[in-house]
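Architecture at a glance
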Amino acid sequence: MLSAKTIEIVKSTAPVLAEHGENITALFYTKLFDNHPELKHVFNMTNQAKGEQKKALASAVFAYATHIDKLEALGPAVTRIAHKHASLQVVPEQYPIVGKFLLEAICDHLSLAADDPIIIAWGEAYGALAAIFVKTEEDIYQDNEDKEGGWRGDRTFVISDIVDEAAEVKSFYLKPKDGQAIATWQPGQYVGVKTTPDTSEHTEVRQYSLTNAPNNAIYHITVKADAAHPEKAGVVSNYLHAASIGDEVLIQPPTGEFVVQNDADDIVLLAGGVGITPVLSMLLDRIETGRDVSKLTFIQCCRDASHHIKGETLNSNPSAVYRKKQCYCR
Ligand SMILES: Cc1cc2nc3c(=O)[nH]c(=O)nc-3n(C[C@H](O)[C@H](O)[C@H](O)COP(=O)(O)OP(=O)(O)OC[C@H]3O[C@@H](n4cnc5c(N)ncnc54)[C@H](O)[C@@H]3O)c2cc1C
Ligand code: HEM
C-alpha cells in the first residue's frame, strides 16, 4: 500500500518525467542492455532499432504515475500488457532489473541523487506496479499450465504443413513434438513463437494469432512476410516463410485479451489485411460448433483479390451462411 505522501510526490512529478520521457527511456534501454545483454533475447530488437520501444514500456510507467490515485482505471491496460508479457515469458526476477535501470535513468537525466525523495517515491510506486504485473502474469501462467494439454514456458512444435493463403501470406500448421494434447484457447488469442533466425544475433519472439477453431491437437498461424523496410525484411515472419515442413519452433501457450466479449449471434467481425487472423478463429469457432451464424456479419478488407486471405475457403464453406462483405481497396 503506497503512502499518501508517495502518491502525492509521484503524481506531482509525473508530468515532468513524461515530458522528458523519450530521453529517459532511451537512457534506460542503453543501461538495461549494457548491463543485461541477455535481455536482447527477450525484447524485439527490430523495435529497438526503430526506436518504437521508447514509446512503450517506460511511457506506460509514466502514464501509471498519472493515475496512481485511481489504479482501477489501469485495469484494461494492465491486462493487455500482462498477456503480451506472458507470451514473452517475462518472469518476476526481471522486474527489479527494469526498475533499477529506470530509476537510474531518471536520476541521471534529471541530475537527482538516488536518495532524493522523488526517487524514493518513484521506487516505491514502481514496486507497487511491478507487483500488480507479477500477480496478473502468474495467474495467466498458472491457468495455462492447469488446462488440459497446458504447459508453462517453451514447448517444441513441429511445422506439419504450410499452406499458401494469399500473396505474401502463408499458414503454418503446428503440432507438438511430444504428440500430447495442447492447450485450447479463446478465439482471438495468440501464441508467442520463439525462433533463432540466421538473420539475427538474438532469439526472436513474435506473437501470432491462432487462426483455426479451438481444439486440443493443432495450432494454425497465418503469417504475412513483413518487409516494410526495403533493406531489412521482418526477421521472424520471413524466417517462417523460408521454413519447411518438419522444422521446429518453440511456442508459448495462448494468451491475449482480444476475445469476443458477449454471447450474441448478431456480431460484426471486421478486419483488414493480415489483421483478419484473430477474427478468423472467431468465425471458424462459431461455424464448427454449430452456432447460428446467419446474423453474423463478416467484413474483410484487402488490397485486391490476390491479397484475399483464405478467400476461397471462406467463400466455398457450405456452412458459412453468414453475411459476407469483401472490400478491395484498389
Ligand atoms: C497480438 C499480436 C498478434 C499478431 N498476429 C499476427 C498474425 O496473426 N499474423 C501476422 O502476420 N502478424 C501478426 N502479428 C505481428 C507479428 O507479431 C510480427 O510483428 C510481424 O510478423 C513482424 O515481425 P518480423 O519479425 O517479421 O518483423 P520485425 O523484424 O519485427 O520488423 C517489423 C517491420 O519493421 C521493418 N524494419 C526493420 N528494420 C527497420 C528499421 N530500422 N526501420 C524501419 N523499419 C524497419 C521490417 O521490414 C518489418 O516490416 C501480431 C502481433 C501481435 C502483437
Ligand atoms: C512495471 C513494469 C513494466 C511496464 C509498465 C511494462 C510495460 C510494457 C508495455 C506498455 C509494453 C507494450 C505492450 C504492447 O505492445 O501491447 C510492454 C512490452 C514489453 N515488455 Fe514490458 N513492462 C514492464 C516490465 C517489463 C519487464 C520486467 C520485462 C522483461 C525484462 C518487460 C519486457 C517487455 C517486452 C519484451 C515487451 C515487448 C516489446 C518489444 O519487445 O517490442 N517488461 N511492456
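Residues numbered from 1 in each chain as written. Chains lettered and ligands numbered in written order. Predicted model: local features only at pLDDT ≥ 70, side-chain atom pairs only at ≥ 80, totals over all residues.

1. Things to note about the environment of leucine 57
To keep it simple, the criterion reads: Secondary structure elements are defined from DSSP: runs of H or I of at least 4 residues count as helices, runs of E of at least 2 residues count as strands, and each element is numbered from the N terminus.
Looking at the element boundaries, leucine 57 is found in helix 4 (residues 57-66). Taking the C-alpha atoms as reference points, leucine 57 and threonine 25, 32 residues apart in sequence, are found 8.2 Å from one another.

2. Quick word on the site of ligand 2
Where we set the bar: Working rule for contacts: place C-beta from the backbone, and if it is within 6 Å of a molecule or strand, that residue counts as near it.
Inspection of the region around ligand 2 gives 22 residues, with Asn44, Asn47, Ala56, Ala60 and Gln94 positioned closest. Counting residues per element, the ones that place at least two in the shell around ligand 2 are helix 4, helix 5 (75-87), helix 6 (94-110) and helix 7 (117-146). Of all the elements, helix 5 adds the most residues to the shell around ligand 2, at four residues.

3. Thoughts on the environment of lysine 194
Heads up, the condition is: Note on contacts: residues are paired as contacts if their backbone-placed C-beta atoms lie within 7 Å.
With respect to the helices, strands and loops of the structure, lysine 194 is situated in strand 3 (residues 190-195). Measuring from C-alpha to C-alpha, the distance between lysine 194 and leucine 250 comes to 5.0 Å, with 56 residues separating the pair along the chain. Once you skip the residues sitting within four places of it in the chain, lysine 194 turns out to touch Asp154, Thr203, Val205, Val249 and Leu250.

4. Remarks on the nonpolar core
Applied cut-off: Joining buried Ala, Val, Leu, Ile, Met, Phe, Trp, Tyr and Cys residues through C-beta atoms within 7 Å gives a set, and that set is a nonpolar core. Using C-beta atoms placed from the backbone, we call a residue buried if 20 or more other C-beta atoms fall within 10 Å of its own, exposed if 12 or fewer do, and partly exposed for counts in between. As annotated, the domain borders come from an automatic or database domain assignment.
Counting residues in hydrophobic clusters, the biggest one holds 35 residues, and the most contacted among them are Val191, Val193, Ile221, Leu269 and Leu283. Looking at this core, the elements that each hand over two or more residues are strand 1 (155-166), strand 2 (169-176), strand 3, strand 5 (219-224), helix 8 (235-241), strand 6 (248-255), helix 9 (277-288) and strand 8 (297-302). At five residues, helix 9 tops the list of elements feeding residues into this core. Domain assignment of the residues forming this core places at least three in each of domain 2 (155-255) and domain 3 (268-328). The residues contacting valine 191, other than those within four sequence positions of it, are Ser87, Tyr208, Leu210, Tyr219, Ile221, Ile251, Gln252 and Pro254.

5. Considering the sheet that holds strand 6
As a reminder of what qualifies: Following DSSP output, two strands are said to pair if at least two bridges run between them. Only the stretch in contact is used when fitting a helix axis, every axis being a line fitted to C-alpha atoms; angles between N-to-C directions are given from 0 to 180 degrees.
An order of 4-3-6-1-2-5 is seen for the six strands of this open sheet, with the pairing classed as antiparallel. Looking along the sheet, the strands with just one partner apiece sit at the ends: strand 4 (204-209) and strand 5. Shown here is a sheet whose adjacent strand axes are inclined to one another by a mean of 40 degrees, direction ignored. Summarising the sheet, strand 3 and strand 6 pair through four bridges and their orientation is antiparallel. Within the sheet, the bridge partner assigned to tyrosine 190 lies in strand 6 and is threonine 255.

6. Comments concerning unusual backbone geometry
Of note, glutamine 89 is a non-glycine position whose phi angle comes to about 60 degrees, a positive value. Summarising the element assignment, glutamine 89 is placed in the loop between helix 5 and helix 6. Judged by local crowding, glutamine 89 falls into the partly exposed class, with 19 C-beta atoms found within 10 Å.

7. Remarks on the pairing of strand 1
Within a regular strand, the side chains alternate between the two sheet faces. Sheet topology note: the strand 1/strand 6 ladder contains four bridges and is antiparallel. By the bridge assignment for strand 6, arginine 155 is matched with isoleucine 251. Taking the residues that link successive antiparallel strands as the turn, the strand 1-strand 2 hairpin has two residues, and the phi of glutamate 168 there is positive, at about 70 degrees.

8. Focus on the site of ligand 1
Convention followed: The nonpolar class holds Ala, Val, Leu, Ile, Met, Phe, Trp, Tyr, Cys and Pro. Asp, Glu, Lys and Arg form the charged class, and all remaining residues, Gly among them, are polar.
If you check the shell around ligand 1, you find 26 residues, and the closest are Thr46, Ala228, Gly234, Ser237 and Thr277. Grouping the amino acids of the shell around ligand 1 by side-chain chemistry returns ten nonpolar, eleven polar and five charged. Taken together, domain 1 (4-146) and domain 2 (155-255) each give at least three residues to the shell around ligand 1, which thus spans both.

9. Structural notes on the domain arrangement of the protein chain
The domains assigned to the protein chain are domain 1 (4-146), domain 2 (155-255) and domain 3 (268-328). For domain 2 and domain 3, the distance between their C-alpha centres works out to 21 Å. Contacts between the two partners involve 14 residues from domain 2 and, on the opposite side, 14 residues from domain 3. Elements represented by at least two residues in the side of domain 2 that touches domain 3 include exactly strand 1 and strand 5. Looking at side-chain class alone, the side of domain 2 that touches domain 3 contains seven nonpolar, five polar and two charged residues.

10. A short note on the packing of helix 5 against helix 7
A pair of packed helices can be characterised by two numbers: the angle between their axes and the separation between those axes. For clarity, the threshold we go by: Roughly parallel means an angle under 35 degrees; roughly antiparallel, over 145; roughly perpendicular, 65 to 115; everything else is oblique. When the near helix sits turned anticlockwise from the far one by under a right angle, the crossing is termed left-handed; a clockwise turn instead gives a right-handed crossing.
Close contact between helix 5 and helix 7 brings their axes to 9 Å; oriented N to C, the two are set at 60 degrees. Judged by the angle between their axes, helix 5 and helix 7 are oblique. As helix 5 packs across helix 7, the resulting crossing turns out to be right-handed. Packed against helix 5, whose contacting residues are Val78, Thr79, Ala82, His83, His85 and Ala86, the element helix 7 presents Ile132, Phe133, Thr136, Glu137, Ile140 and Tyr141 at the interface. Residues of the contact of helix 5 with helix 7, tallied by class, amount to seven nonpolar, four polar and one charged.

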